[in-house]
Amino acid sequence: GGHCIGVDPYYLAYKSLKAGHRPDMIIAGRKINDKMAFYFAEQLKKLMMKKKINIKNSKILIMGFSFKENCPDFRNSKIPDLIKGIKKYCPRVDVYDPWVNKNEVNELHGIDIIEKPVDENYSAIVLAVAHDNFKKMNANQFNRIVAKNHVIYDIKYMLDIRN
């Protein structure tokens, strides 16, 4: 949950190169990790197409913006990449995260964080950060904010699919 995966490999690669070693495995891992947000955006698109959802006219909710759960820090967050990937095919994206400072996010990324999801018409919800308050949501709470035909893409495996 820290910066070990997102940041530290760059330091290790830098030091390895300085010591005369080419850290190919570390660099390859970083390249894969750096593209994951765009991979998730593409997977969401495929899930929506599979359910025959009109993507261009959809509204998508991303739940979470911070770097990790239950934390206001959004440095090193890959959510801006996820948003950029989704906006390639769906321009209407809301982002909800009660943990982050909305003004700072807007100032640094130009992204508006909504106060709370009230729209009853989201075609897709992306559970992107495993905040405890998101984990506690039940089916009725999700059903209030989604369209009849929708996708819930749980990137963080927060939902118990048996319920």
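In what follows, the accompanying structure is described.

Each value, and the rule that gives it
- Residues numbered from 1 in each chain as written.
- Predicted model: local features only at pLDDT ≥ 70, side-chain atom pairs only at ≥ 80, totals over all residues.
- Heavy atoms only, no water.
- Pairing = 2+ DSSP bridges.
- Helix = DSSP H or I, 4+ residues; strand = E, 2+ residues; numbered from the N terminus.
- Buried < 20%, exposed > 50% of the residue type's maximum accessible area, 1.4 Å probe, protein only.
- Contact = heavy atoms within 4.5 Å.
- Phe/Tyr/Trp six-rings, centres within 6.5 Å; stacked < 30°, edge-to-face > 60°.

## Considerations on the sheet that holds strand β5 (residues 146-154)
Strand order in the open sheet formed by 5 strands is β3-β2-β1-β4-β5, with parallel pairing between adjacent strands. Taken across any chain shown, the strands that pair with only one partner, and hence form the sheet edges, are β3 (113-114) and β5. By the bridge criterion, 5 bridges tie strand β4 (residues 122-127) to β5 in an arrangement that is parallel. By the bridge assignment for β5, Ala124 is matched with Val151.

## A closer look at helix α4 (residues 79-87)
Of all the 9 residues making up α4, 7 are buried; the element is thus mostly covered by neighbouring parts of the structure. Within α4, burial applies to Ile79, Pro80, Asp81, Leu82, Ile83, Gly85 and Ile86. Those residues of α4 that are buried lie in contact with α2 (24-34), α3 (36-50), β1 (60-63), β2 (93-96), α5 (102-109) and β4.

## Observations regarding the packing of aromatic side chains
Tallied over the full model, the rule gives 4 aromatic pairs. Ring geometry for Phe40 against Tyr153: centres 6.1 Å apart, planes inclined by 75°, an arrangement best described as edge-to-face. Of this pair, Phe40 sits in helix α3 while Tyr153 sits in strand β5, placing them 113 residues apart in sequence. Given the relative accessible area of 14%, Tyr153 is considered buried. Between the aromatic rings of Tyr96 and Phe134, the centroid separation amounts to 5.7 Å while the plane-to-plane angle is 40°, which identifies the pairing as tilted. Highlighted residues: Tyr96 in strand β2 and Phe134 in helix α6 (residues 132-135), separated in sequence by 38 residues. By relative accessible area, Tyr96 is classed as buried at 14%. Each member of the aromatic cluster is reached from another via a ring pair, and the members are Tyr39, Phe40 and Tyr153.

These values are about where atoms sit, not about what they do.
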